[in-house]
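# Examining the three-dimensional arrangement
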Amino acid sequence: MKKISIVIPTYNEQENVVPLSEAIISVLEKDLSKYDYEIIFIDNYSTDNTRTLLKGLCSENKRIKAIFNCKNFGQFNSPYYGLCQSTGDCTILVCADFQDPIELIPEFVKEWENGYKIVIGVKKTSRENKIMRAMRTAYYKLIKKLSSVEQIEHFTGFGLYDKSFIKVLSELNDPSPFLRGIVAELGPERKEIPYEQQKRRAGKTKNNWYSLYDAAMLSFTSYTKIGLRMATFLGFLCAALSFLAAAVYLVLKFIYWERFAAGMIPMLIGMFFIGSLQLFFIGFVGEYIMSINTRVIHRPLVIEEKRYNFDDADEKIK
């Protein structure tokens, strides 16, 4: 009997974990009854009642498993680590807030059985804020245009991954993995299934401007070179223009001494402009350096505090 793994990252999702587990089990038992299954919750150091509820679910159903992180390790590391701990013939990543339609799970499995190693959901429409939707669309198009490898628009990680690709993820050894980019860059031929993203059913979103910026910069520094190239080209251009402006100003000052004797304002404006441009690109280069530093330090993806319902035979700590 083939086994399906469902991985659900959580962080302060006390309103959702119980109804979500019930809904997923209902779909699995109704439409995929010929498959064995496991549901793995990986909790990223929730501070509400999420962990208590997960312990209760694990005690009631041995097919429900839980990993509790000892700290919050961020929005990318925790789901990625959860995928690597799955033991199924295929693994499906689902968010905990009902924004990913679990009704697509049988369709994912059907396409997997048809031979696709990766089957992903792509948001064609969304019930989220229209301004946020427009900003996301602009970001995806920008990163797709600038990236040196293929990028998938409106893909959040929701999808099915064959165990052969889970093995690739486990062996990748990347301390700051960006799953969306990895799927596009290293994944085999995939099937994309469009869906409408729903509104969060309960609780508050954990994404803020900082986390969105963090996601954008991770993808930008991992898959584009445009930032460094812009710094090089614009730095060279500004240096050339500055030298030309200084030469012209010096000549004019000698010819029209009285008029240009106190003419320091243009030079100051130029200095401030060039200085601000330099600071901007120093920050830009710093983003790349920070990304490199994270990879060089090579910290573990997460540190576990405890895990529930994992047998010795299927433990995959790495």
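Everything that follows concerns the structure shown earlier in this document.
Residues numbered from 1 in each chain as written. Predicted model: local features only at pLDDT ≥ 70, side-chain atom pairs only at ≥ 80, totals over all residues. Heavy atoms only, no water.

### Digging into the overall build of the protein
Selection criterion: Strands are runs of DSSP state E lasting at least two residues, helices are runs of H or I lasting at least four, and both sets are numbered from the N terminus onward. Three exposure classes are used, based on accessible area relative to the maximum for each residue type with a 1.4 Å probe and protein chains only: buried under 20%, partly exposed in between, and exposed over 50%. Throughout, a residue-residue contact means that at least one pair of heavy atoms, one from each residue, lies within 4.5 Å. All accessibility values rest on the Shrake-Rupley procedure with a 1.4 Å probe; residue burial counts only the protein chains present in the view.
Looking only at helices and strands, the protein features eleven helices and eight strands. Here the protein holds 318 residues, and the buried ones make up 44% of them. Considering only contacts in the protein between residues 6 or more positions apart, those separated by 24 or more positions represent 83%. Summed over all atoms, the accessible surface of the protein reaches about 17300 Å², with 61% contributed by carbon and sulfur.

### Some thoughts on the pattern of salt bridges
Note the cut-off: Just to be clear on terms, a salt bridge is a Lys or Arg side-chain nitrogen sitting within 4 Å of an Asp or Glu carboxyl oxygen.
Summed over all chains, the structure comprises ten salt bridges. Put simply, arginine 63 and aspartate 36 hold a salt bridge, and the shortest N to O gap is 3.3 Å. Remark: aspartate 36 occurs in strand 2 (residues 36-43) and arginine 63 occurs in the loop between helix 2 (50-60) and strand 3 (64-69); sequence separation between them is 27 residues. Residue glutamate 304 is joined to arginine 307 by a salt bridge in which the shortest nitrogen-to-oxygen separation is 2.6 Å. Residues participating in the shared-partner salt-bridge network are Lys3, Glu38 and Lys65.

### Quick notes on the sheet that holds strand 1 (residues 3-10)
What counts is decided by this rule: Note: two strands are recorded as paired if DSSP finds a minimum of 2 bridges between them. Every axis in this analysis is a line fitted to C-alpha atoms, fitted for helices over the stretch in contact. Angles between the N-to-C directions lie between 0 and 180 degrees.
If you walk across this open sheet you meet the eight strands as 7-5-6-4-1-2-3-8, and the pairing is mixed. Unpaired on one side and paired on the other, strand 7 (190-197) and strand 8 (304-308) mark the two borders of the sheet. When strand polarity is set aside, the average angle formed by the axes of neighbouring strands in this sheet is 20 degrees. Bridge analysis of strand 2 against strand 3 gives five bridges, and the strand direction is parallel. In the strand pairing of strand 3, isoleucine 42 is matched with isoleucine 67.

### Overview of the environment of glycine 88
For glycine 88, the position within the fold is in the loop between helix 3 (74-84) and strand 4 (90-93). For the pair glycine 88 and isoleucine 4, spaced 84 residues apart in sequence, the C-alpha to C-alpha distance is 4.9 Å. Among residues more than four places away in sequence, those in contact with glycine 88 are Lys3, Ser5, Glu38 and Lys163.

### Quick notes on the pairing of strand 4
Alternating positions in strand 4 separate into two faces, Cys90 and Ile92 on one and Thr91 and Leu93 on the other, with burial throughout. Sheet analysis places strand 1 next to strand 4, joined by four bridges and oriented parallel. Pairing of valine 7 across the sheet is with leucine 93, part of strand 4. With four bridges joining them, strand 4 and strand 6 (residues 159-162) adopt antiparallel strand pairing.

### Quick word on the side chain of lysine 3
Where we set the bar: In protein, a polar contact means a hydrogen-donor-capable atom and an acceptor-capable atom, both N or O and within 3.5 Å, with residues adjacent in sequence counting only if both atoms are side-chain atoms; elsewhere, any N or O pair within 3.5 Å suffices.
Inspection of the secondary structure puts lysine 3 in strand 1. For lysine 3, a relative accessible area of 17% translates into the label buried. Of the polar contacts made by the side chain of lysine 3, one reaches the side chain of glutamate 38; its length is 3.4 Å.

### Observations regarding a nonpolar patch on the surface
Formally: Residues qualify for a patch when their relative accessible area is over 30% and they have no salt bridge, like charges being joined within 9 Å and the nonpolar side chains of Val, Leu, Ile, Met, Phe, Trp and Tyr within 5 Å.
Together, Leu237, Leu241, Leu244 and Val248 make up an exposed nonpolar region whose accessible area comes to about 360 Å². Mapped onto the fold, leucine 244 is located in helix 9 (residues 226-255).

### Let's talk about the nonpolar core
Put simply, the rule is: Among the buried residues, those of types Ala, Val, Leu, Ile, Met, Phe, Trp, Tyr and Cys that are joined through side-chain atoms within 4.5 Å form a nonpolar core.
In terms of nonpolar packing, the biggest core is built from 36 residues, with Ile6, Ile39, Ile92, Ile105 and Val109 touching the most fellow members. Of all the secondary-structure elements, those providing two or more residues to this core are strand 1, helix 1 (17-31), strand 2, helix 2, strand 3, strand 4, helix 4 (105-113) and strand 7. No other element matches helix 1, which puts six residues into this core. What isoleucine 39 contacts, discounting residues up to four positions off in sequence, is Ile6, Ile8, Ser21, Ile24, Ile25, Arg63, Ile64 and Lys65. Counting 25 residues, the second largest nonpolar core, distinct from the first, contains Phe155, Tyr161, Phe165 and Leu301.

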